[in-house]
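Breakdown of the fold
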Amino acid sequence: MHKRFFAMLTALVVASPVVASPFDVASAAPRAGRTDCRTAALADLQRLAPRGHAIYEAVTDKKQFLHWLTCDDVQLGLATGVHETVHLLTEERDAYLLIDGSAVRRPHEVSRFFAPKEIARKFDAQDAYVQTYLRPGGASSKDDFMYLLDELNAYSHDLNTAVSLVSLRRRDRDVDHRDGLAALMTFVMSYVDTAKKSQPATWQRLMQPEPRRVVQVLWKQAEGVLNSSCNIPRFGKNLGYIRFLSDSKNGEALSEVLGRAPVAPTECLTPTAPTASAAPAE
């Protein structure tokens, strides 16, 4: 099974702690040169993706990061290590660590908002991201908007690292680096839209200064990272979420929260992009 799928499954226990995986370094890396692989990979991370390397430096237990690093796909392993370590640091510091090195306090008041799982019916129930983050048996994000924002932030770091490490990508496979962030942005956009249309208590609280500011900061970061990936071919396998984000009607409520229209990732809709779709079910 693909390591990215196991990374998604970490959310099924609590918000996102690292769990045991059959893809740890000892089992997945080649028997020869395993240490050299990790050393070289971390050097590449520091050289090419200093923001991602800062996350590695920030975690006390480096094994929590190296757990995700294998030699068969260094780009994926490093991006996943950054993603999962961001979750750990977020829990430790009770704040969302941003790509620019700053942080914003987690708004615990949003835990009183309606549960994100209520928007799951709008999407394909068989989609892996829907199952992981919105459906029963999935991550804490299905019950708590604070953790949905946590995933949005982690996937922003994930994709930002993958973009920076594009020179390390394996040429023999298509990858789905873009899909996770596009999915979480779609869920947040849909959540805000639902709040305005049918959850007046949540909508009123969401428009309060602190929750609104956190959404503004995390969204701006996410859309910048997503759009930075659009010129990279074969970097996403699914256009359904990109189409959702590019439809201005879907972002009308979010526009009120942001104080501007969301930036549509239309450049990701290239003629050579994959045609698979996980468009929301009507």
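Let me sum up the structure you'll find in this document. (Residues numbered from 1 in each chain as written. Predicted model: local features only at pLDDT ≥ 70, side-chain atom pairs only at ≥ 80, totals over all residues. Heavy atoms only, no water.)

Re the overall build of the chain
Short version of the rule: Secondary structure follows DSSP: runs of H or I at least 4 residues long count as helices, runs of E at least 2 residues long count as strands, and numbering of each begins at the N terminus. Summary of the burial criterion: residues with accessible area below 20% of their type's maximum are buried, those above 50% are exposed, and those between are partly exposed, where the area comes from a 1.4 Å probe applied to protein chains only. Residues count as neighbours in contact if any of their non-hydrogen atoms are within 4.5 Å of one another. Note that accessible areas follow from Shrake-Rupley with a 1.4 Å probe, and for residues the cover is restricted to the protein chains shown.
The helix and strand inventory of the chain stands at 13 helices and two strands. Across the 282 residues that make up the chain, the buried fraction comes to 56%. For the chain, the proportion of contacts with a sequence separation of at least 24, taken over those separated by at least 6, is 78%. Accessible surface computed for the chain: about 12000 Å², of which carbon and sulfur atoms make up 52%.

Regarding the pattern of salt bridges
Just so we agree on the cut-off: A pairing counts as a salt bridge when a side-chain nitrogen of Lys or Arg comes within 4 Å of a carboxyl oxygen of Asp or Glu.
Under the defined criterion, the tally for this structure stands at eleven salt bridges. Among the ionic pairs, R105 bridges to E109, the shortest N-O distance being 3.3 Å. A salt bridge links K249 to D247; the shortest N-O distance between them is 3.2 Å. K249 gets classed as exposed once you look at its relative accessible area, which sits at 54%. Since its relative accessible area comes to 27%, D247 is described here as partly exposed. Connected via shared salt-bridge partners are E91, D94 and R106.

Brief notes about the nonpolar core
How we decide: Take the buried residues of types Ala, Val, Leu, Ile, Met, Phe, Trp, Tyr and Cys, join any two whose side-chain atoms come within 4.5 Å, and each joined set is a nonpolar core.
By size, the foremost hydrophobic cluster in this structure holds 58 residues, and its most contacted members are F145, L149, L152, L181 and F187. Ranked by the residues each element gives to this core, the list is headed by helix α9 (residues 177–198), at eleven residues. With residues near it in sequence (within four places) discarded, L149 still touches Y96, V188, V214, V215 and L218. Counting residues in each nonpolar core, the second largest holds 19 residues, with V59, L78, V86 and L97 among its members.

Description of the packing of helix α8 (residues 145–164) against helix α11 (residues 209–228)
As a reminder, the rule being used: Helix axes are fitted only over the stretch in contact, all axes being lines through C-alpha atoms; the angle between N-to-C directions runs from 0 to 180 degrees. Angles below 35 degrees are treated as roughly parallel, those above 145 as roughly antiparallel, those between 65 and 115 as roughly perpendicular, and all remaining angles as oblique. The hand of a helix crossing depends on one turn: near helix anticlockwise from the far one by less than a right angle means left-handed, and clockwise means right-handed. Under the convention adopted here, Pro, Cys and the residues Ala, Val, Leu, Ile, Met, Phe, Trp and Tyr are nonpolar, Asp, Glu, Lys and Arg are charged, and Gly plus all remaining residues are polar.
Orientation of α8 relative to α11, taken along the N-to-C sense of each, is 30 degrees, at an axis distance of 9 Å. Judged on the interaxial angle alone, α11 and α8 are roughly parallel. For the element pair α8 and α11, the recorded crossing hand is left-handed. Here F145, L149, L152, N153, S156, L159, N160 and V163 of α8 come into contact with α11, specifically with V214, V215, L218, Q221, A222, V225, L226 and S228. Tallied by class, the residues present in the contact of α8 with α11 amount to eleven nonpolar, five polar and no charged.

With respect to unusual backbone geometry
Peptide bonds are, in most cases, trans, and in most cases residues other than glycine have a negative phi. A positive phi angle, near 55 degrees, is found at D94, a position not held by glycine. Relative to the helices and strands, D94 is located in the loop between α6 (74–93) and β1 (95–97). Judged by its relative accessible area of 29%, D94 is partly exposed. Non-glycine residue R234 carries a positive phi angle of around 55 degrees. Here R234 shows up in the loop between α11 and α12 (240–246).

Brief notes about the state of the cysteines
What is meant by a disulfide is a covalent connection between two cysteines, made through their sulfur atoms. Keep this limit in mind: Any cysteine sulfur atom paired with another within 2.5 Å is treated as part of a disulfide.
Considering all chains together, one arrives at two disulfides under this definition. One disulfide in the model links C37 with C71; its S-S distance is 2.1 Å. Disulfide C37-C71: torsion about the S-S bond near -130 degrees, hence left-handed. Placement of C37 in helix α3 (residues 34–48) and of C71 in the loop between α5 (62–66) and α6 is noted, with a sequence separation of 34 residues between them.

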